[in-house]
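# Report on the structure
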Amino acid sequence: MKKNNTVLSYDWPDVKAVRRIKLDFFFSAADAMFGSKHRFRCSFLTDSKGVPEGTMKIIDEGCGPLWRTLSSGDGGAVESALRERSVTLSGGEKLWFHPSCTMQRSAAAARFSRAARVSEADAAVVPKNFRNITVWENCSVYLGFGQNANGNPDKKLWIIKCPQDAGKDVFQPIAGETVRETIKRYESSIWPLNLTYGLNFDQINEASDAECVHNGAAVFIDRTAEWLRGVADGSIQHIVFEDELISFLSQGAGLKIDIPKFDSLYGLMSSDELGNISLALRTLSTLDWLSCPSVSAYLAAINKKRWWNNIPKSKAVSYMLRELGITAKSNSRSGYTVSRAELDAFRPLFEHIIRREIQDRVDNIASRCSFEIRPDISFTIRTIGNE
Amino acid sequence: MNDERAIVHLDKELMKALITMCGCSLEGYICAMKILSSSDLYLQDNPLSGGSASAPIIKWLIGRTYHGEDYLQRRFGGMSPKHPVIAMVDECEQAAGLSSSDEIVCSERSFNMHRELYEAVAETIMKNSFSYLKRVIRSTWSLDVSFDLRTAELRFKEKDSHD
């Protein structure tokens, strides 16, 4: 591990950081993992009160811009930076859910596909908790060997949060020096008197040979906001806030295909104008088409020969067509199987569709007669097999 | 006309029955034509003349299974050319031609005089159409639809009158 006077700058980008930092005073059991090969244990030499359980990231020149924004403590700047990464949903996107999301994944299944890995996703769904950040502008990190529970040597980090109000006598370790050397420099002045957080002398003794590897800012991210690390490190490129996804889905749920929408879409899909058909397909893809797949597939298949080679460039449309089984080879003449649940939920719509068919036939008959026909007709609909 | 035959009153229900018979089979069609040829609708002076109020209905009914001369000959080949049915079909064909089309063009006078028969025509056409629609819906949606056509109110088209 190379060091310079600001410490570990080139090794830290891979840091998965200090995980599961305990809120106990002077904890010693938290894991820290650096890179893929090195495991460290992490301890605080000072009171860890107020340090969130989650991720610690040392801020140095190797950090990306979002880490720097996070370390600024400027909530507005953080929000603005995250907004730049957020995408506007249209439906059909491939989503990856961060484990800290609490929403039911299945709630989105109707409108979105799931990605197993964030690298395969169009966007990562994350909780909107980006304010769960704690910034230590001045902290010192020591790296060395302690003892594990079995009394064997164990790589450890020791972290000291330095008081910010100590003026020019601020506790200021120098990179490369050991804990013992640091204490020696301060023992006749402010150490430990000006450290209002108290000290764990057992840990200091254990850490006495550890070297200071960082002296400066560090960001602690609450475990519930660890997705921020993925965004800041670049493994998450695009995000969707969980509440916005829920809002989108609830909007979709409200946009059921009803009779006016069916008539409008039917008219557009039957049009000779590709622009109208494209508009209809895009509109349909924004509705709750999966709750009535038969009607949706019926609508989407209208004029298929005409528009198939001009499918709107929309992930939502592509996803909808794929889910509805509309392919280059699919044939609407093979029909649709309306389920009992679909019929029950959309009975007025099916009645409307049949009434349209009836009226079409009555009009067709009347067009060949010298009289108008006003039939008094009723009908009942059942799914086949539910006699 | 054979004045010795019993004259049958062609009302709405009989008209519906005749239309159904026409669509059943050759025998049904011939039977329907025999009944028609002995009906009060047909047994009047010049029933197929241009001014006859009966002509549109008679022509339409005869045309229910009209599929061309060869077909008709094949159907009626065994019957005497002097048979009233053949005579009626011939007469109808010579007067106005026959068509298998559902088109039924009539005057307002004919419509008012035989409204019930036109209702029978309209209702029967619709029932046949709905029977087909039932099959379409079944194959398209896998749904079973039961239609109940109670009545069909007719109104003569004033502007597009074919008078």
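In what follows, the accompanying structure is described. (Residues numbered from 1 in each chain as written. Chains lettered and ligands numbered in written order. Predicted model: local features only at pLDDT ≥ 70, side-chain atom pairs only at ≥ 80, totals over all residues. Heavy atoms only, no water.)

## Quick look at the packing of aromatic side chains
Here is the rule: Within 6.5 Å between ring centres, the rings of Phe, Tyr and Trp (the latter by its six-membered ring) count as paired, and their orientation is classed by plane angle as stacked under 30 degrees, edge-to-face over 60, tilted in between. Comment: elements are numbered from the N terminus, with helices defined as DSSP H or I runs of at least four residues and strands as E runs of at least two. The buried label applies to any residue whose accessible area, calculated with a 1.4 Å probe on protein chains only, is under 20% of its type's maximum; exposed applies above 50%, and partly exposed to all values in between. Any Lys NZ or Arg CZ found within 6 Å of a ring centre and within 35 degrees of that ring's normal is scored as a charge over the ring.
Applying the stated rule across the entire model yields 17 aromatic pairs over all chains. Ring centres of Phe112 of chain A and Phe248 of chain A lie 5.5 Å apart, and the angle between their planes is 55°; on these two criteria the pair is classed as tilted. Of this pair, Phe112 of chain A sits in the loop between strand S5 (94–97) and strand S6 (113–114) while Phe248 of chain A sits in helix H6 (residues 242–254); the two residues are 136 residues apart in sequence, bridging distant segments of the chain. Exposure class is identical for Phe112 of chain A and Phe248 of chain A. Each is buried. Centre to centre, the rings of Phe130 of chain B and Phe147 of chain B are 5.2 Å apart; their planes meet at 25°, and the pair counts as stacked. Separated by 17 residues along the polypeptide, Phe130 of chain B in helix H7 (residues 115–141) and Phe147 of chain B in strand S1 (residues 143–156) bring together distant segments of the chain. Under the relative-accessibility criterion, Phe130 of chain B is labelled buried at 3%. Look at Phe147 of chain B and you get partly exposed, because its relative accessible area is 21%. Grouped by ring-pair contacts, the aromatic residues Phe262, Tyr266, Tyr298, Tyr336 and Phe350 of chain A together with Trp141 of chain B constitute a single cluster. For the cation-ring pair, Lys128 of chain A lies above Phe241 of chain A, with the distance from its terminal atom to the ring centre recorded as 5.3 Å. Between the NZ or CZ atom of Lys304 of chain A and the centre of the ring of Trp308 of chain A, over which it lies, the distance is 5.5 Å.

## Looking at the pattern of salt bridges
Residues and elements named next belong to chain B. Under the convention used in this document: Think of a salt bridge as a Lys or Arg side-chain nitrogen and an Asp or Glu carboxyl oxygen that are within 4 Å of each other.
The final tally for this structure, using the stated rule, is 19 salt bridges over all chains. Of the charged contacts, one joins Lys12 and Glu119 as a salt bridge, the two residues approaching to 3.0 Å between their closest N and O atoms. Pair noted here: Lys12 is in helix H1 (residues 12–24) and Glu119 is in helix H7, with a separation of 107 residues, a long-range link. What makes Lys12 buried here is its relative accessible area of 16%. A salt bridge links Glu123 to Lys16; the nearest nitrogen and oxygen atoms lie 2.8 Å apart. Highlighted residues: Glu123 in helix H7 and Lys16 in helix H1, separated in sequence by 107 residues. As far as burial versus exposure is concerned, Glu123 and Lys16 are alike and both buried.

## Re the sheet that holds S6 of chain A
Residue and element names in this part refer to chain A. Rule in force here: A pair of strands is labelled paired if DSSP reports no fewer than 2 bridges between them.
Pairing is parallel in the open sheet, where four strands are placed in the order S6-S5-S7-S11. Looking at strand neighbours, the two that pair on one side only are S6 and strand S11 (239–241), the edges of this open sheet. For S5 and strand S7 (residues 123–126), the ladder comprises three bridges, and the chain directions are parallel. If you follow Trp96 over to S7, its bridge partner there is Ala124.

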